[in-house]
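# What the coordinates show
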Amino acid sequence: MIGLFDSGIGGLTVVKALLEKAPKADFVYLGDTARYPYGNKSQETVERYAKEDAEYVIKQGAQLIIVACNTASSLALPKLQETFPNIPFIGVVKPAAQAAAALGRHKIGVIGTRATVNSGIYEKVIKKYAPSAEILQRACPLFVPLVEEGLLDDQVTKTMVKRYLMPLRQANVNALILGCTHYPFLKPLIQRFMGKKVKVIDSAGTVIQQAMENYPDLFLAQDNPKQTITFTETSSASDQVASRWLGRQVKGVKADL
Ligand code: DGL
C-alpha cells in the first residue's frame, strides 16, 4: 500500500496524479487538517508533525510514503528517513526542481510557503542541475487557507494571485514552480495571470512517475482497491473540495494520530 500525507487537502493534487496513472492501486491519504498550515511553523514542529503523519499511514499499512507536502519535504525528509529506516520516502521538491532545470529556461520563479522558501531548498536543487539559472522566490502564505476554504475562483483569491505574483511577472520569469501542493488548485488563475509563455510546473505527475519506476509492485491494479482519504479534522468543506478535485465522491475518514 502507498501512503501519502500533507498538512491538508493540498496533497490530493498528488493523489489525482496517482489515480490517473494507477487508478486501482491501494493507497491511504492523510490530510492533517486539524493542524494546517505547516508553512509558517518551525522546522522542529514540522518534523514532529511529519513523524506523526508518517506513523499513522504506516499503521494503516503503507510500505512506501510519498510526502505530498513541500514544506515537510523541505524540512523533514532526513528526519523521517532516519526515524523509519525500513520505509522508503519520496518527497516532492526534487522532481519539480529537476523538471524546471530540464526546461533550460534560465529565469525560474518559485512560489511556496514561508518555510519552504526560507529553507532555500529549491534554489539549492535547481542550481545543482542548472548552475546558471536565476531563481526568484516568493512566499504566498494566504494561498493555503484560500484553497482549504474552496475559494478557488473567488475575487479575493484573484486579488492575492495578483499581489503575490506581480513581482515575478514584472521580472519576466519564464518558468514558475508551484512549490506547494495546494497551489495546483489555483493553476488556472496563476497561469492566466502569468501569461501563456510562462511554463507553470508542479511535481505531482513526476513524483508519481518516479515512484512507479522504483516501486512498480505497489502500483499494481487490485480487484478491490483500498483507497482511503483521511483527515485529522473532517469537514464538509474538505469533502466538497476533494470531491470536486478528484471527480469522485469523497467522504473523509477521521484520523486519530
Ligand atoms: N501543501 C503544503 C506544501 O506543499 C503545506 C502548506 C501548509 O500547510 O502551509 O507546502
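Residues numbered from 1 in each chain as written. Predicted model: local features only at pLDDT ≥ 70, side-chain atom pairs only at ≥ 80, totals over all residues. Heavy atoms only, no water.

## Focus on the sheet that holds strand 3 (residues 64–67)
Taken in spatial order, the six strands line up as 4-3-1-2-9-10 in an open sheet, and their pairing is parallel. At either end of the open sheet lies a strand with only one pairing partner, and these are strand 4 (89–91) and strand 10 (253–254). Across five bridges, strand 1 (residues 2–6) lies against strand 2 (residues 27–31) in parallel orientation. Note on strand 2: the bridge partner recorded for Phe5 is Leu30. Lying over the sheet, helix 1 (residues 12–21) contacts strand 1, strand 2, strand 3 and strand 9 (227–231), oriented at roughly 165 degrees with respect to strand 2. The sheet contacts of helix 10 (residues 204–214) involve strand 3 and strand 4, and relative to strand 3 the element is tilted by about 165 degrees. (Pairing = 2+ DSSP bridges. Helix = DSSP H or I, 4+ residues; strand = E, 2+ residues; numbered from the N terminus. Contact = heavy atoms within 4.5 Å. Axes fitted to C-alpha atoms, helices over the stretch in contact; angles between N-to-C directions.)

## Details of the site of the ligand
Close to the ligand lie 13 residues; Ser7, Tyr38, Asn70, Thr71 and His182 are nearest. Between the ligand and Ser7, the relevant distance is 2.6 Å, taken from an oxygen atom to a side-chain nitrogen or oxygen of the residue. Its free accessible area being 300 Å², the ligand has 99% of it covered by the protein chains. Its residues assigned to classes, the shell around the ligand comprises five nonpolar, seven polar and one charged. (Near = heavy atom within 4 Å. Polar contact = N/O pair within 3.5 Å; in protein donor to acceptor, adjacent residues only side chain to side chain. Areas by Shrake-Rupley, 256 points an atom, 1.4 Å probe, with all protein chains shown as cover. Nonpolar A, V, L, I, M, F, W, Y, C, P; charged D, E, K, R; others polar.)

## With respect to the environment of Glu52
By secondary structure assignment, the location of Glu52 is in helix 2 (residues 43–59). A relative accessible area of 27% places Glu52 in the partly exposed class. For Glu52 and Leu257, which are 205 residues apart along the polypeptide, the C-alpha to C-alpha distance reads 6.6 Å. Excluding residues that lie within four positions of it along the chain, Glu52 makes contacts with Arg35 and Leu257. (Buried < 20%, exposed > 50% of the residue type's maximum accessible area, 1.4 Å probe, protein only.)

## As for helix 9 (residues 187–194)
For an α-helix, the turn length of 3.6 residues means that residues three or four places apart are oriented alike. Buried residues of helix 9: Leu189, Ile190, Phe193 and Met194, and no others. When helix 9 is viewed along its axis, its buried side chains cluster within an angular range of 120 degrees and face the same direction. Exposed residues on helix 9 whose side chains face more than 90 degrees from its buried face are Pro188 and Arg192. Of the residues one or two after helix 9, Gly195 is the one with positive phi, at around 95 degrees. (Arc of directions from axis to C-beta.)

## Topic: the sheet that holds strand 6 (residues 134–139)
Here four strands make up an open sheet; going across it, the order is 6-5-7-8 and the pairing parallel. One side of each edge strand has no neighbouring strand; the edge strands of this open sheet are strand 6 and strand 8 (199–201). Neighbouring strand axes in the sheet, compared pairwise and without regard to direction, differ in orientation by 20 degrees on average. Direction of pairing for strand 7 (residues 175–179) relative to strand 8: parallel, over a ladder of three bridges. Bridge assignment links Leu176 to a residue of strand 8, and that residue is Val200. Relative to strand 6, helix 6 (residues 121–129) is tilted by about 160 degrees, and along the sheet it contacts strand 5 (107–112), strand 6 and strand 7. Sheet strands touched by helix 8 (residues 155–170): strand 5, strand 6 and strand 7. Its angle to strand 6, the strand with the most contacts, is close to 170 degrees.

## Quick look at the nonpolar core
Within the largest apolar cluster, 56 residues are counted, with the highest numbers of intra-cluster contacts made by Ile2, Ile111 and Phe143. It is helix 1 that contributes the most residues to this core, six residues altogether. Look past the residues within four positions of Ile111 in its chain and what remains in contact with it is Arg138, Cys140, Phe143, Leu165, Leu168, Leu176, Ile177, Leu178, Gly179, Cys180, Tyr183 and Ile190. Among the nonpolar cores identified, the runner-up in size contains 24 residues, and Met1, Val46, Leu75 and Ile87 belong to it. (Core = buried A, V, L, I, M, F, W, Y, C linked by side-chain atoms within 4.5 Å.)

## Topic: the pairing of strand 1
Judged by how many residues are buried, strand 1 sits mostly within the fold: five of five residues are covered. With burial as the criterion, each face of strand 1 is covered, one bearing Ile2, Leu4 and Asp6 and the other bearing Gly3 and Phe5. For the crossover that starts at strand 1, traverses helix 1 and ends in the parallel strand 2, the hand is right-handed. The sheet contact formed by strand 1 and strand 3 spans four bridges and is parallel. Residue pairing across strands places Leu4 opposite Ile66, the latter belonging to strand 3. (Right-handed = clockwise from strand over helix to strand, strands pointing away.)

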